[in-house]
Amino acid sequence: MALTLYVDTARWRAHQKSVIDQFPGIIPVCKGNGYGFGHERLAEEVNRFGADMLAVGTTYEAARMKDWFGGDLLVLTPFRRGEEPVPLPDRVVRSVSSVDGVHALVGARVVIECMSSMKRHGIGEHELAQLHSAIEDVRLEGFALHLPLDRTDGSDAVEEVIGWMDRLRAARLPLHTMFVSHLRAEELARLQQQFPQTRFRARIGTRLWLGDHEATEYRGAVLDVTRVSRGDRFGYRQQRAASDGWLVVVAGGTSHGVGLEAPKAMHGVMPRAKGVARAGLATVNRNLSPFVWAGKQRWFAEPPHMQVSILFVPVDAQEPKVGDELVAHLRHTTTQYDRLVDR
């Protein structure tokens, strides 16, 4: 009995192909928990469609992925002096976001990040003159821009990239390759047309692996069902049942990521109102679970345990049976499945 990730493999791969076709020279990204699929499975997919480079989040991920992927590995987290050394092969390319970092990586293959409107990390325009001497001692793979997802100020992503291309060109720095993130296919095509001597390479993770929501589905198996009457005590904290129904023990707990939620950026009155309502219900121990039974998301009977969750299903719904599977609306990037089934 398990929390299972079911994958419609043909549909998933058809979506992958549609993204790959739109972004020539794509660099697939595999970081964190492997977008819910795991590092090894995504490495298999990348090997299957033949990308020459794979991006990972950290040097520790690169150390694992080097045994599963034989091409170049791009580490997205920028190098910092004093970081713990991790033995890596020469095919690993390091991102660098400071002149000092470039000086410290003598002989290494590097991608230099430029400071974008994300304002997260990167070389500033005032530092470009200092790069001339620094890049003489490294093998420069290109420059990179990590762009924001939303542009609430109405600015143009392409214009931001063009601005940096102009600055780099004015500083007489090599522009053979530019690595970019969060551009649409038509935006990438505009850039490639305007700068035919530069190769633009899109680093893509979420859109590639999770762009077709119907290709994957999580399901938790029902492990036990217990009938309760209104007022019966149950669980670790011996709460009382609010009404007649069933306590349903389902595979999937905190160790799987069930009950964990990343903060969300809310826009508009309605999403904010729903957020306030959820917070209010939580103060009286009413928390909606991600599990669906009989067409409705069911409430947690109590906070999820480490490997299972206990749900309350009211008596007016169909009684779940041991072995049934409940669809679970879970975020891929925070979920760890027990098993993956291709179908």
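Residues numbered from 1 in each chain as written. Predicted model: local features only at pLDDT ≥ 70, side-chain atom pairs only at ≥ 80, totals over all residues. Heavy atoms only, no water.

(A) Spatial organisation of the pairing of strand β14 (residues 288–293). Within β14, five of the six residues are buried, which leaves it mostly tucked inside the rest of the structure. One ladder, built from three bridges, connects β14 with strand β15 (residues 296–300); its direction is antiparallel. Within β15, the position partnered with L288 by the bridge is W299. The hairpin formed by β14 and β15 contains two residues between the paired strands, and A294 there has a positive phi angle of roughly 55°. Taken together, the two bridges between β14 and strand β17 (residues 325–328) define a ladder with antiparallel strand orientation. Its bridge partner being in β17, V292 is matched across the sheet by V327. (Buried < 20%, exposed > 50% of the residue type's maximum accessible area, 1.4 Å probe, protein only. Helix = DSSP H or I, 4+ residues; strand = E, 2+ residues; numbered from the N terminus. Pairing = 2+ DSSP bridges.)

(B) Broad picture of helix α2 (residues 39–49). Those residues of α2 lying buried are H39, R41, L42, A43, E45 and V46. A positive phi of about 85° marks G50, the residue just after α2.

(C) How the structure looks around the environment of A108. Along the polypeptide, A108 turns up in the loop between α4 (99–104) and β6 (109–113). A108 sits 225 residues away from T333 along the chain, and the two C-alpha atoms are 31 Å apart. If near-sequence neighbours (up to four positions away) are discounted, A108 is found in contact with V138 and R139. (Contact = heavy atoms within 4.5 Å.)

(D) How the structure looks around the domain arrangement of the protein chain. Partitioning the protein chain into structural domains gives domain 1 (7–210) and domain 2 (216–342). The straight-line distance from the C-alpha centre of domain 1 to that of domain 2 is 38 Å. Contacts between domain 1 and domain 2 engage nine residues on the former and eleven residues on the latter. Taking both sides of the interface into account, the surface hidden between domain 1 and domain 2 amounts to around 890 Å²; carbon and sulfur atoms contribute 51%. There are one salt bridge connecting domain 1 and domain 2. (Domains from an automatic or database assignment. Buried area = accessible area lost by both parts, 1.4 Å probe. Salt bridge = Lys/Arg side-chain N within 4 Å of Asp/Glu carboxyl O.)

(E) The arrangement of the side chain of E187 in detail. One can find E187 in helix α7 (residues 185–194). For E187, the residues in contact, after removing those within four places along its chain, are A157 and V158.

(F) Representation of the pattern of salt bridges within the structure. In total, this model carries 24 salt bridges according to the counting rule given. Of the charged contacts, one joins R219 and E217 as a salt bridge, the two residues approaching to 2.8 Å between their closest N and O atoms. Judged by relative accessible area, which is 23%, E217 ranks as partly exposed. Put simply, E325 and R339 hold a salt bridge, and the shortest N to O gap is 3.9 Å. Placement of E325 in strand β17 and of R339 in strand β18 (residues 339–342) is noted, with a sequence separation of 14 residues between them. Classification of R339 as partly exposed rests on a relative accessible area of 39%. Each of R13, R41, E45, R48 and D342 takes part in salt bridges that share partners, so that together they form one network.

(G) Representation of the packing of aromatic side chains in the model. Under the criterion given, the structure shown has four aromatic pairs. Each ring, one from F195 and one from F200, has its centre 6.3 Å from the other, and the planes form 55°; the classification is tilted. The buried category is assigned to F195, whose relative accessible area is 8%. Its guanidinium or amino end placed over the ring of W246, R227 lies 5.3 Å from that ring's centre, counting from NZ or CZ. (Phe/Tyr/Trp six-rings, centres within 6.5 Å; stacked < 30°, edge-to-face > 60°. Lys NZ or Arg CZ within 6 Å of the ring centre and 35° of its normal.)

(H) Spotlight on unusual backbone geometry. Of note in the backbone geometry, R172 takes a positive phi value of approximately 60° without being a glycine. Secondary-structure assignment places R172 in the loop between α6 (157–170) and β8 (177–181). With a phi angle near 55°, Q238 is a residue other than glycine that sits in the positive phi range. You can see Q238 is positioned in the loop between β11 (233–234) and β12 (239–240). Taking the relative accessible area as the measure of exposure, Q238 reaches 41% and is therefore partly exposed.

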